[in-house]
Amino acid sequence: MSRKIARGHIDPCVIRTPLLLSRGGGLGMAGPGRYDRRMFKFEISKSEPGGRARCGVLTTPHGAIRTPAFMPVGTRATVKGVWPAQVRESGADILLANTYHLGLRPGPELIAELGGLHRFMGWDGPILTDSGGFQVFSLSALNQITDEGVTFRSHIDGQLLRLDPEQATRIQYLLGADIIMAFDQCPPGDADRDVVARAVERTVRWAGECKQALERLSASPPALNGCDAAMKERLADLATVRGMPDEAQSGCSPHPAPAQDKPERKMQAMFGIVQGGIFPDLRRACAQQLMEIGFPGYAIGGLSVGETHEQMVAVLDDLVWRLPADRPRYLMGVGMPRDILAAVRAGVDLFDCVLPTRNGRRAYAFTARGPLRLRNEKYRRQDQPLETECSCPACRQFSRAYIRHLFMVGEMLGPMLVSVHNLWFFQRFMSRLRDLIPTGDWGRMLEEFPVAGPAGPTQLTQED
Ligand SMILES: [Zn+2]
């Protein structure tokens, strides 16, 4: 974050991890401490003995992501209340930002003109943008869903807007995140089978259109007002990832491999999103059709929308192993420790959730033994940190009593401190999962993190 980026200069991307350094030589190193920014690859380093969990490294043009990974959510180009350097210090390798929100304000053209989302928000690590589909269906007053797209009213000013595969891809292309999502239809959790089946049909159709839209954009980047020559060059250099470099040799995937006609131009990777609700056959059909289209990674959407933990686990256990073993798998919007553990055991690699910061703002602190609700009277005189095992800036310096006081008098530092602590908690949880995957010792994981066990909380704001 301290790196100065000249306006309009093409970001050279600085190596951050020894993992990258160790294998940088044959991958287009641009000089000491740098690697080819077009690089995008996924390598699985270790797997659970006799199980489906796996550890790996997902390399993007802006750095490497240790998987399984938890992505803090920066909805409107900020992880609420937390500086980028603090997000990085928590151990996060990648952030998520929202296409819908940034598409409305400040608009993708402005962000592109200002050098893209990384530069705009002061985060030089990897970024993933979602498709906007979830927000369109959950936040907006819907007007019309057709096979072509969605017409909706903005939740900000009621303006009538349209989001379709072309537009969702264009916005994400201009934002410039490392990983972008195909536009999908996310039906409500209580939708009946016919509605979910229709959503699957549209999601598959739209995924193909998104892939084509990204290829068109890559071939002829849009002109922008006020866009300087360097920015145009950067836009011209954006290109879809058409497959993993080593997929032909891996032998892991029984699915048709995407063409690799432009292996040297790799900047944005588009993932397809598997919908299908809690219906295993619809999930399988959706996954199969997306794999036939071919994406460098696959997301699982439409979970954590009201179904039970058991229903979610049943979907994941049936679905995840069917996705190509050599591609990253991303479970969208799921973040309770208990759900993450089950999903990792099913073979999921990436997670995102607003829980750390949303709960932090509401005075809920995550701990390995369960959440603390800091407004509770019992913390009034407690001089210990939120969690003794935690080495976050909040736990290093402040007591529960002090943080409670901040909330009780409405001081803004309170939500900031608990947000930071919660971000650290999730990264510590993921780090321990990565440590233990090669042993498969889930009993030890539950001893250290009872919060992830059967008695752990399943709701967003469970009280202690
Ligand atoms: Zn802490």
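What you see is a predicted model; the values in this text were computed from it and never measured. (Residues numbered from 1 in each chain as written. Predicted model: local features only at pLDDT ≥ 70, side-chain atom pairs only at ≥ 80, totals over all residues.)

### Points about the overall build of the protein chain
A count of helical and extended segments in the protein chain gives 18 helices and 16 strands. The burial tally for the protein chain puts 50% of its 464 residues in the buried class. Restricting the contact set of the protein chain to residue pairs at least 6 apart, pairs at least 24 apart contribute 68%. (Helix = DSSP H or I, 4+ residues; strand = E, 2+ residues; numbered from the N terminus. Buried ≥ 20, exposed ≤ 12 C-beta atoms within 10 Å, placed from the backbone. Contact = placed C-beta atoms within 7 Å.)

### Some points on the environment of leucine 319
Of note, leucine 319 is situated in helix H12 (residues 309-319). By C-beta crowding, leucine 319 is classed as buried, having 23 other C-beta atoms within 10 Å. Residues leucine 319 and aspartate 281 lie 38 residues apart in sequence; the distance between their C-alpha atoms is 9.4 Å. Dropping the residues within four chain positions of it, leucine 319 is found in contact with Val274, Arg283, Arg284, Ala287 and Ile300.

### Let's talk about the sheet that holds strand S13 (residues 329-331)
Reading across the sheet, the eight strands line up as S4-S14-S13-S12-S11-S10-S6-S5 and stay open at both edges, with parallel pairing between neighbours. Looking at strand neighbours, the two that pair on one side only are strand S4 (69-72) and strand S5 (95-97), the edges of this open sheet. Each strand of the sheet is rotated relative to its neighbour by a mean of 25 degrees, with strand direction disregarded. Sheet topology note: the strand S10 (residues 179-181)/strand S11 (residues 269-274) ladder contains three bridges and is parallel. Its bridge partner lying in S11, isoleucine 179 is registered against alanine 269. (Pairing = 2+ DSSP bridges. Axes fitted to C-alpha atoms, helices over the stretch in contact; angles between N-to-C directions.)

### Quick look at the environment of isoleucine 94
With respect to the element layout, isoleucine 94 can be found in the loop between helix H2 (84-89) and S5. The class for isoleucine 94 is buried, based on 26 C-beta atoms found within 10 Å. Taking C-alpha positions, isoleucine 94 is 7.4 Å from proline 72, a pair spaced 22 residues apart along the chain.

### Thoughts on the packing of helix H16 (residues 400-408) against helix H17 (residues 413-436)
Here H16 crosses H17 at 135 degrees, and the two axes come no closer than 7 Å. Between H16 and H17, the crossing angle belongs to the class labelled oblique. Between H16 and H17, the residues in contact are Ile403, Leu406 and Phe407 and Leu413, Gly414, Leu417 and Val418, respectively. Considered class by class, the residues forming the contact of H16 with H17 number six nonpolar, one polar and no charged. (Parallel < 35°, antiparallel > 145°, perpendicular 65-115°, else oblique. Nonpolar A, V, L, I, M, F, W, Y, C, P; charged D, E, K, R; others polar.)

### Remarks on the sheet that holds strand S2 (residues 54-60)
Strand pairing within a sheet occurs via backbone hydrogen bonds; the two strands may be parallel or antiparallel. Pairing is antiparallel across the open sheet formed by three strands, whose spatial order is S1-S2-S3. Two strands lie at the open edges of the sheet, namely strand S1 (41-47) and strand S3 (63-67), each paired on one side alone. Strand-to-strand twist of the sheet, defined as the mean angle between neighbouring strand axes without regard to direction, takes the value 15 degrees. For S2 and S3, the ladder comprises five bridges, and the chain directions are antiparallel. Paired with threonine 59 across the two strands is alanine 64, which belongs to S3.

### Brief notes about the confidence of the model for the protein chain
When pLDDT is averaged along the protein chain, the result is 85; 81% of the residues meet or exceed 70. Below pLDDT 50 for its whole length, residues 1-37 participates in 58 contacts with residues either more than four positions away or in separate chains. In this model residues 238-266 is a low-confidence stretch, pLDDT under 50, and it forms 58 contacts with partners more than four residues away in sequence or in other chains. (pLDDT = per-residue confidence, 0-100.)

### A short note on the packing of H12 against helix H13 (residues 337-346)
In contact at an axis separation of 9 Å, H12 and H13 are set at 15 degrees when each is read in the N-to-C sense. Comparing the axis directions of H12 and H13 gives the class roughly parallel. Note on packing geometry: the crossing formed by H12 with H13 is right-handed. Residues His309, Met312, Val313, Leu316 and Asp317 of H12 form the contact with H13, whose own contacting residues are Arg338, Asp339, Ala342, Ala343 and Ala346. Class assignment for the residues of the contact of H12 with H13 results in six nonpolar, one polar and three charged. (Left-handed = near helix turned anticlockwise from the far one by under 90°.)

### Some details on the nonpolar core
Met71, Leu95 and Phe271 are the most contacted members of the largest nonpolar core, which has 125 residues in total. Top element by residues in this core is H17. It accounts for 11 residues. Setting aside anything within four residues of it in sequence, one finds methionine 71 in contact with Ile94, Leu95, Leu96, Leu128, Leu350, Phe351 and Asp352. (Core = buried A, V, L, I, M, F, W, Y, C linked by C-beta atoms within 7 Å.)

### Some details on unusual backbone geometry
Note the cis peptide between threonine 67 and proline 68, where omega equals 0 degrees. As for its position among the elements, proline 68 is in the loop between S3 and S4. Residue proline 106 follows arginine 105 across a cis peptide bond; omega there is 5 degrees. Turning to its location among the elements, proline 106 is positioned in the loop between helix H3 (99-104) and helix H4 (108-113). One non-glycine residue with positive phi stands out, namely alanine 77, at about 65 degrees. Within the fold, alanine 77 resides in the loop between S4 and H2. The backbone phi angle of serine 304 is positive, close to 60 degrees, even though this residue is not glycine. Relative to the assigned elements, serine 304 resides in the loop between strand S12 (298-300) and H12.

### Considering helix H11 (residues 280-293)
The end-to-end C-alpha separation of H11 is 20 Å, in line with the 20 Å expected for 14 residues at 1.5 Å each. For H11, the full list of buried residues reads Arg283, Cys286, Ala287, Leu290 and Met291. An end-on view of H11 places all buried positions within 130 degrees of arc, on one side of the element. Relative to its buried face, H11 has exposed residues pointing more than 90 degrees away, namely Asp281 and Glu292. (Expected span 1.5 Å × (residues − 1). Arc of directions from axis to C-beta.)

### Description of the pairing of S4
Of the two faces of S4, both are covered, the one formed by Ala69 and Met71 as well as the one formed by Phe70 and Pro72. Relative to strand S14 (residues 350-353), S4 is paired through four bridges, and the arrangement is parallel. By the bridge assignment for S14, methionine 71 is matched with aspartate 352.

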